[in-house]
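The primary structure of each chain is shown beneath.
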Amino acid sequence: MIMDKSIEFNALKKLIETKNAYIGIIGLGYVGLPLAITFADSGFDVLGIDIDQKKVKFLNNCQSYINHISNKKIEKLIKSNKLEVTNEFEKVSSLDAIIICLPTPLNKHREPDLSFIINTMKCIKPFFKKGQILSLESTTYPGTTEEEILPFIKNAGFSLGNDYFLIYSPEREDPGNKEFNTTNIPKIVGGITNDCNHIGTLLYSKITKEVITVKDTATAEMTKLLENIHRAINIGLMNELKPLVEKMGVDLYSVIRAASTKPFGFVPYYPGPGLGGHCIPIDPFYLTWKAREYGMHTRFIELAGEINASMPKYVVDKISNALNENGKPIKKSNILVLGVSYKKNIDDMRESPSLEIIELLQKKKANVSYSDPFFDSLPKTRKSAIELNGIEITADNLRKFDIVVIATDHDSFDYELIKRNSNLIVDTRGRFDINEKIIRA
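Some remarks on empty space enclosed by the protein
This model, assessed by the stated rule, comprises one cavity of 30 Å³ or more. Each pocket or cavity is described by its volume, and for the largest cavity that value is around 110 Å³. Glu 171, Arg 172, Glu 173, Thr 182 and Lys 187 are, among the 13 residues lining the largest cavity, the residues nearest its centre. Residues belonging to the lining of the largest cavity are distributed by class as follows: six nonpolar, two polar and five charged.

Some thoughts on the sheet that holds strand β9 (residues 334-338)
A sheet is described by the order of its strands in space; here five strands give the open sequence β10-β9-β11-β12-β13, paired in parallel fashion. Lying at the two open borders of the sheet, with one neighbouring strand each, are β10 (367-371) and β13 (438-440). Recorded for the sheet is a direction-independent mean angle of 20° between the axes of neighbouring strands. As defined by bridge partners, β9 adjoins β10 across five bridges and the pair is classed as parallel. Along β10, the bridge assignment pairs Val 337 with Tyr 370. Where helix α11 (residues 299-325) meets the sheet, its contacts fall on β9, β11 (403-406), β12 (425-427) and β13, and the angle it forms with β11 comes to roughly 155°. Contacting β9 and β10, helix α12 (residues 353-363) crosses the sheet at an angle of about 160° to β10.

Brief notes about the packing of helix α1 (residues 7-17) against helix α7 (residues 194-205)
Viewed as axis vectors pointing N to C, α1 and α7 meet at an angle of 15°, and their least axial separation amounts to 9 Å. In terms of axis orientation, α1 runs roughly parallel to α7. Considering how the two elements wind past one another, α1 and α7 form a crossing that is left-handed. Touching Phe 9, Leu 12, Lys 13, Ile 16 and Glu 17 of α1 are Asp 195, His 198, Ile 199, Leu 202 and Leu 203, all from α7. Residues of the contact of α1 with α7, tallied by class, amount to six nonpolar, one polar and three charged.

Points about the nonpolar core
Membership of the largest hydrophobic core comes to 77 residues, with the highest contact counts inside it found for Ile 23, Ile 25, Phe 39, Ile 98, Ile 124 and Leu 134. Of all the elements, helix α2 (residues 32-41) adds the most residues to this core, at six residues. Residues within four places of Leu 134 in sequence aside, it is in contact with Ile 98, Ile 100, Met 121, Ile 124, Phe 128, Ile 149, Tyr 164, Phe 165, Leu 166 and Ile 167. By size, the runner-up hydrophobic cluster in this structure holds 29 residues, among which are Ile 319, Ala 366, Leu 388 and Ala 407.

Here is what the cut-offs are and how they apply
Residues numbered from 1 in each chain as written. Predicted model: local features only at pLDDT ≥ 70, side-chain atom pairs only at ≥ 80, totals over all residues. Heavy atoms only, no water. 1 Å grid on protein atoms, 1.4 Å probe; cavity = no way out; pocket = protein on both sides within 12 Å on 5 of 7 lines; lining within 4 Å. Points joined across faces, edges and corners; volume = space filled by probe spheres on them. Nonpolar A, V, L, I, M, F, W, Y, C, P; charged D, E, K, R; others polar. Pairing = 2+ DSSP bridges. Helix = DSSP H or I, 4+ residues; strand = E, 2+ residues; numbered from the N terminus. Axes fitted to C-alpha atoms, helices over the stretch in contact; angles between N-to-C directions. Contact = heavy atoms within 4.5 Å. Parallel < 35°, antiparallel > 145°, perpendicular 65-115°, else oblique. Left-handed = near helix turned anticlockwise from the far one by under 90°. Core = buried A, V, L, I, M, F, W, Y, C linked by side-chain atoms within 4.5 Å. Buried < 20%, exposed > 50% of the residue type's maximum accessible area, 1.4 Å probe, protein only.

Here it is as structure tokens:
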């Protein structure tokens, strides 16, 4: 016998189908803010919630704090009342959909830190109501939604898949990517029940071209981890090969470009000064941690992590050797680091290897400066409190430095100017061909 759908299911479905559902995004960072804008652009009314009062003030003043999101876009949505921003959790009671986009870092023991999510759930639990859907987008280990989020909803007295709906739908943001954005990146959805899946799939189908529905939340959680583990391991392989092929007198970048011409069976990955961003340096260790619960060790993941984590020191050793060969100790040498973002063309320093390189150089008593078009000064991060102001890249400034380090290869850098006027260059991104004054690292 086919059971009739609940009143709450039908009501929420209709609200979403007609775009009358009130959407709430908790966490307005590099994932949450673009998502809020996408829902608002699609015709939904959106409430953005963030405990960072600076972000709330910026947005309410029609100002963006993310480089690729314009003030004009924020102004349009705020003034048309399609987007409201607050730090008041009690407004959750007015929402039809709650989407959580909060950070999930690792603690000092490389264990998942879910405190941002758990503390938020404690704050919003009193304001849950029947007929809501809650979606977790934060990257985490398989089982998180069922083990950590579900109990809050059950303890509030709701029936999952009947009068409350819970899904996991991992973010797939790629800041700085001009080809792919929230609207054309396929969305993964995994629900606690079939009806949760149905509502979740319907919700995201209103803002993106393709939704892939998997059978449960753990499958969706594992999908996100696999994507980032795949990248971390392959980048680790390139970073392991880099010093080897150098000793052989082979240019690894040329090898990768040549291998990339194969139309099947090969995906190009490139070495670098280390991994950055919130995802790839962190996410694989969620699975490493979870695997221990089952008495297993993820050796590939851990090895790739060790190799990738060792790259900033490798770069500093290259800098030191290059200076020594030119008759200069690293101590008191003037060193310019170009680029502090974790990857090119974005204003995001999370887990940036550039910061670790700067700290390592400072510990060796070098005089370190930096230049980055996105950062006039270095803001404090969870892992770094370097106090430096950026300098302008000019011919005169370049000549003052004993060595220039290409740490992040922003397209806006004038590489011909850098090449002509630098005394010595260490290139960690393969931007230059090797010659007498350019050292690959």
